[in-house]
Amino acid sequence: MGIKVEFNPDLALRAFSEFKNGNRKAEECIPETMDSGKEYPFLKKGQRNYWFDGEIPLIETKGNESLSRPKASIKILESTHFLANGEVWTKGKYKVIEVFKDDKIHFESVFRTGTWI
C-alpha cells in the first residue's frame, strides 16, 4: 500500500460548458472569460502537487489525458488537499499571467518560450 500522489506540470481543467451542463463544479473548469492579472479558484480530484516557483500552462482536458494546447500561462498561488465524502481532492488558486489567443507555441516542455537561457 502506498500514497497516491500526482505531480502535474500544468493545470488541466474542463471546458466551461461542463459546468453549464451540470456535469462539473465551476472551479473544475476553465473560466468562461479569463483576464490577465486576475485570480481564479481551481478544484481537482486526487492528491496533486504543482510547481509554485514559475509559470505553468493552463490547458483544457476532456479526460483520459486528452489535452489541448495551452490556453494561458498561470502561476499557482495556493494548493490544499482535503477529504470530501471519503475522496481526496486538491483545491487552490491561480493567477493568470497571459491569455493566449493564437496558435503560437508558448511553452517548450515545462518552460515558457523565451524565458530560459
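Before reading on, note that the structure itself is shown above.
Note that the structure is predicted; figures quoted are calculated from it, not measured. (Residues numbered from 1 in each chain as written. Predicted model: local features only at pLDDT ≥ 70, side-chain atom pairs only at ≥ 80, totals over all residues. Heavy atoms only, no water.)

Visitor: Any details on the overall build of the chain? Residues and values, ideally.
Guide: Of regular secondary structure, the chain possesses one helix and nine strands. The N-to-C order of helical and strand elements in the chain reads β-β-α-β-β-β-β-β-β-β. Against the globule reference of 13 Å for 117 residues, the chain gives a C-alpha radius of gyration of 14 Å, in line with a compact fold. With respect to the three principal axes, the spread of C-alpha positions in the chain is 45 × 35 × 25 Å. Looking at the chain as a whole, 34% of its 117 residues are labelled buried. Taking the average location of the 19 positive side-chain charges in the chain and that of its 18 negative ones, the two points are 3 Å from each other. (Helix = DSSP H or I, 4+ residues; strand = E, 2+ residues; numbered from the N terminus. Rg over C-alpha atoms; globule rule 2.2 N^0.38 Å. Buried < 20%, exposed > 50% of the residue type's maximum accessible area, 1.4 Å probe, protein only. Lys, Arg positive; Asp, Glu negative; His and termini not counted. Charge placed at Lys NZ, Arg CZ, Asp CG, Glu CD.)

Visitor: An account of the sheet that holds strand S2 (residues 11-13) is requested, with residue identities and associated values reported.
Guide: Spatially, the five strands line up as an open sheet ordered S2-S5-S6-S7-S3, and their pairing is mixed. Both edges of this open sheet fall to S2 and strand S3 (39-45), since each of them pairs with a single strand only. Each strand axis lies, on average, 35 degrees off the axis of its neighbour in the sheet, ignoring direction. Inspection of the sheet shows S2 paired to strand S5 (residues 56-60) by three bridges, in the parallel sense. From the neighbouring strand, leucine 11 faces S5, where its bridge partner is leucine 58. (Pairing = 2+ DSSP bridges. Axes fitted to C-alpha atoms, helices over the stretch in contact; angles between N-to-C directions.)

Visitor: Any details on the side chain of glutamate 28? Residues and values, ideally.
Guide: Looking at the secondary structure, you find glutamate 28 in the loop between helix H1 (17-20) and S3. Side-chain polar atoms of glutamate 28 contact the backbone nitrogen of lysine 25, separated by 2.9 Å. The residues contacting glutamate 28, other than those within four sequence positions of it, are Leu13, Arg14, Leu43 and Trp89. (Polar contact = N/O pair within 3.5 Å; in protein donor to acceptor, adjacent residues only side chain to side chain. Contact = heavy atoms within 4.5 Å.)

These values are about where atoms sit, not about what they do.
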